[in-house]
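Overview (structure and organization)
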Amino acid sequence: MALRMEKWEVRTALDGSSAVRVARRFRPDVVVLDVMLPDFDGLEVLRRLRAGVPGLPVLFLTAKDAVEDRIAGLTAGGDDYVTKPFSLEEVVLRLRALLRRTGIAEASAGSELVVGDLVLDEDTREVRRGGVAVELTATEFELLRFLMRNPRRVLSKARILDRVWSYDFGGQANIVELYISYLRKKIDAGRSPMIHTMRGAGYVLKPAP
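Everything in this summary refers to the structure shown in the same document. (Residues numbered from 1 in each chain as written. Predicted model: local features only at pLDDT ≥ 70, side-chain atom pairs only at ≥ 80, totals over all residues. Heavy atoms only, no water.)

Another aspect to go through is the packing of helix α2 (residues 16–26) against helix α3 (residues 42–52). The N-to-C vectors of α2 and α3 enclose an angle of 20°; their axes lie 9 Å apart at closest approach. Taken together, the axes of α2 and α3 are roughly parallel relative to one another. Between α2 and α3 the crossing geometry is right-handed. Here α2 contributes G16, A19, V20, A23 and R24 to the contact with α3, which in turn contributes V45, R48 and L49. The residue inventory of the contact of α2 with α3, partitioned by class, reads 5 nonpolar, 1 polar and 2 charged. (Axes fitted to C-alpha atoms, helices over the stretch in contact; angles between N-to-C directions. Helix = DSSP H or I, 4+ residues; strand = E, 2+ residues; numbered from the N terminus. Parallel < 35°, antiparallel > 145°, perpendicular 65-115°, else oblique. Left-handed = near helix turned anticlockwise from the far one by under 90°. Contact = heavy atoms within 4.5 Å. Nonpolar A, V, L, I, M, F, W, Y, C, P; charged D, E, K, R; others polar.)

Pasting the structure below:
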């Protein structure tokens, strides 16, 4: 769901043999692969995938976090290795980096989100409004990025919780209100407001009039 919200086309498989079959049909640009699978392990999946597409970038995403497991994954030809629990933001950034490294995506392509005079650079993590730098925490940045990826669209608190605080977050929706207030103080202070509350529906970001 997180990758689809990044506007990527995604295919999934529940075991190694299905993964190989789906990849051969789908021809993915990058693969996210677990090590522990029901039939044969992710290292064998990697070997079979690379037999058909030698340069296919692969990111291991697994609970096996021992140093020897990381070494095994990278030695087998994995391009990156992320352990659970993980940050959705980190996984997305690492996948983008893999695509750029393999020449599938240009470094500058789509790195900036622009809404009105508000600019967010996803690669450098810099934010500017009216040319003035805005300093944000990691959570504030992720919240603003989600809003800017959906300009003029009303986003419910539940949807924001799912995207910014991950799908298994057990907190209350008032965490969204709190961080929206933080963002407003930094983005809207002394300027025409861009972040608006739609009572009973959620929040929307749109260019200032």
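The rest of the description comes next.
What follows is about helix α8 (residues 174–187). For α8, built from 14 residues, the straight-helix expectation of 20 Å at 1.5 Å per residue is met to within 8% by its first-to-last C-alpha distance of 20 Å. Every buried residue of α8 is accounted for by V176, Y179, I180, L183 and I187. The buried residues of α8 all sit within an arc of 110° when viewed along its axis, so they share a single face. (Expected span 1.5 Å × (residues − 1). Buried < 20%, exposed > 50% of the residue type's maximum accessible area, 1.4 Å probe, protein only. Arc of directions from axis to C-beta.)

Below, the discussion takes up the sheet that holds strand β6 (residues 126–129). Read from one edge of the open sheet, 4 strands run β4-β5-β6-β7, paired in antiparallel fashion. Looking at which strands have only one partner, the edges of the open sheet turn out to be β4 (112–115) and β7 (132–134). On average, each strand axis in the sheet is inclined to that of its neighbour by 25°, with strand direction left out of account. Where β4 meets strand β5 (residues 118–121), 4 bridges bridge the pair, whose relative direction is antiparallel. Counted as the bridge partner of L113 is L120 from β5. Contacts from helix α6 (residues 138–149) reach β4, β5 and β6, with the element oriented near 115° to β5. (Pairing = 2+ DSSP bridges.)

Further remarks concern the nonpolar core. Ranked by internal contacts, the top residues of the largest apolar core, which has 27 residues, are V127, L144, I160 and L205. Listing elements by their share of this core, those giving two or more residues are β4, β5, α6, α7 (157–164), α8 and β9 (202–205). In terms of residue count, the dominant contributor to this core is α6 (6 residues). In this view, I160 contacts L143, F146, L155, W165, V176 and Y203; residues no more than four positions away in its chain are not counted. V20, V31, L33 and V45 belong to the second largest nonpolar core, which has 14 residues in total. (Core = buried A, V, L, I, M, F, W, Y, C linked by side-chain atoms within 4.5 Å.)

Below, the discussion takes up the pattern of salt bridges. Two side chains bearing opposite charge may form a pair once their charged atoms approach each other closely. For the structure on display, the rule yields 15 salt bridges. Salt-bridge contacts for R47 lead to E44; the nearest nitrogen and oxygen are separated by 2.6 Å. Placement of the pair is R47 and E44 together in helix α3, with a separation of 3 residues, close to one helical turn. Residue R47 is classed as exposed on the basis of its relative accessible area of 51%. One salt bridge connects E177 with K157, and the closest N-O pair in it is separated by 2.3 Å. On the criterion of sequence distance, the pair formed by E177 in helix α8 and K157 in helix α7 is long-range, its members being 20 residues apart. Overall, the relative accessible area of 39% leaves E177 in the partly exposed class. Taken together, the shared-partner salt bridges connect R96, E122, E142, R145 and R149 into one network. (Salt bridge = Lys/Arg side-chain N within 4 Å of Asp/Glu carboxyl O.)

Turning to the sheet that holds strand β2 (residues 58–62), a few remarks are in order. Read from one edge of the open sheet, 3 strands run β1-β2-β3, paired in parallel fashion. The sheet terminates laterally at β1 (31–33) and β3 (80–83), the two strands that pair on one side only. Shown here is a sheet whose adjacent strand axes are inclined to one another by a mean of 25°, direction ignored. One ladder, built from 4 bridges, connects β2 with β3; its direction is parallel. In the sheet register, T62 faces β3, and the bridge partner there is T83. The sheet strands contacting α3 are β1 and β2, and the helix crosses β2 at an angle near 165°.

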